[in-house]
Amino acid sequence: YVPATPESLTASIERTQGFGLENLLLLERGGELLACCGYWEWARVMEITVLELNAKMRFDSARLAAFGLFRPMPRAIRKGDRLRPIVLTPFGFRDPSHLDSLVRCRNNLAMRENNDMMYCICEPGHPLLQGLRGFHQVKTDLHVYVKAFGTSLKMDGPTFVSGRDL
């Protein structure tokens, strides 16, 4: 990941529909910025309707319903639901534990705003996932296929694709 400069962060925010400076949460202590976590409201740019649930998601829905008998749990997704998800992006931190407060704050806001899910697009083992401990998680694979427009595309190793570009 390339660290953001104020200019590159501003440019990224300006080109992303449904995202603005008001979508950034900051953790500051003693005048020092410790972490930043943004959230992109996908419902402002697209509508997602659940057509079918695979076996993993059906099992997960049943598990949510069962656990929901004993403690508050997220709503299970059903066929036909129209989702209002948010994506956690961009994020920065000095220590992964600093993300925990921001993610919990964003989760509380998401519940109040009737957002169905919080997505984070990152590789397994990413420090952001440490801030999601204790949350109900559904891990899925993401397959991205790209085709060059006109010129050859060289990829010598793993390439980060921003969630805004998917």
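Residues numbered from 1 in each chain as written. Predicted model: local features only at pLDDT ≥ 70, side-chain atom pairs only at ≥ 80, totals over all residues. Heavy atoms only, no water.

(A) Focus on the pairing of strand S2 (residues 32-41). Within S2, eight of the ten residues are buried, which leaves it mostly tucked inside the rest of the structure. Two strands pair when backbone bridges link them, and strand S1 (residues 24-29) and S2 are joined in this way by six bridges, in the antiparallel orientation. What sits directly across from Leu25, in S2, is Cys37. Counting the residues in the hairpin turn of S1 and S2 gives two residues, including Gly30, whose phi is positive at 60°. Pairing of S2 with strand S5 (residues 86-93) involves six bridges; the strand directions are antiparallel. Residue pairing in the sheet places Trp40 in a bridge with Val87 of S5. (Buried < 20%, exposed > 50% of the residue type's maximum accessible area, 1.4 Å probe, protein only. Helix = DSSP H or I, 4+ residues; strand = E, 2+ residues; numbered from the N terminus. Pairing = 2+ DSSP bridges.)

(B) Local environment of the pattern of salt bridges. Under the defined criterion, the tally for this structure stands at seven salt bridges. Across the salt bridge formed by Glu41 and Arg44, the nearest N and O atoms sit 3.4 Å from each other. Since its relative accessible area comes to 19%, Glu41 is described here as buried. (Salt bridge = Lys/Arg side-chain N within 4 Å of Asp/Glu carboxyl O.)

(C) Spatial organisation of the nonpolar core. With 15 residues, the main nonpolar core has Leu88, Leu102 and Val103 as its most contacted residues. Broken down by secondary-structure element, the contributors of at least two residues to this core are S1, S2, S5 and helix H3 (99-112). Those residues in contact with Leu88 that sit more than four places away from it in its chain are Cys37, Gly38, Tyr39, Val103, Arg106, Met118, Tyr119, Cys120 and Leu132. (Core = buried A, V, L, I, M, F, W, Y, C linked by side-chain atoms within 4.5 Å. Contact = heavy atoms within 4.5 Å.)

(D) Examining the sheet that holds S1 more closely. Strand order in the open sheet formed by four strands is S1-S2-S5-S6, and the pairing between neighbours is mixed. Here the strands that pair on one side only, and so sit at the sheet edges, are S1 and strand S6 (118-119). Pairing of S5 with S6, which is carried by two bridges, proceeds in the parallel orientation. Looking at S6, one finds that Ile86 is bridged to Met118.

(E) Summary view of the side chain of Asn23. By the secondary structure assignment, Asn23 is in the loop between helix H1 (6-15) and S1. Take Asn23: its relative accessible area is 1%, and that puts it in the buried class. A distance of 3.2 Å separates the side chain of Asn23 from the side chain of Glu41, its partner in a polar contact. Apart from the residues within four sequence positions on either side, Asn23 is in contact with Gly18, Cys37, Gly38, Tyr39 and Glu41. (Polar contact = N/O pair within 3.5 Å; in protein donor to acceptor, adjacent residues only side chain to side chain.)

(F) The arrangement of the packing of aromatic side chains in detail. Evaluated as defined, the whole model comprises two aromatic pairs. A ring pair is formed by Trp40 and Trp42, whose centres lie 5.9 Å apart and whose planes are at 85°; its orientation type is edge-to-face. Considered together, Trp40 and Trp42 belong to a single accessibility category, that of buried residues. Arranged with centres 5.2 Å apart and planes meeting at 40°, the rings of Trp42 and Tyr119 form a pair that is tilted. With a gap of 77 residues between them, Trp42 in the loop between S2 and strand S3 (48-49) and Tyr119 in strand S6 connect regions that are remote in the sequence. A relative accessible area of 13% means that Trp42 is categorised as buried. A relative accessible area of 26% means that Tyr119 is categorised as partly exposed. Ring-pair connections join several aromatic residues into one group, and the members of that group are Trp40, Trp42 and Tyr119. (Phe/Tyr/Trp six-rings, centres within 6.5 Å; stacked < 30°, edge-to-face > 60°.)

Remember, this is a structural readout, not a statement about activity or role.
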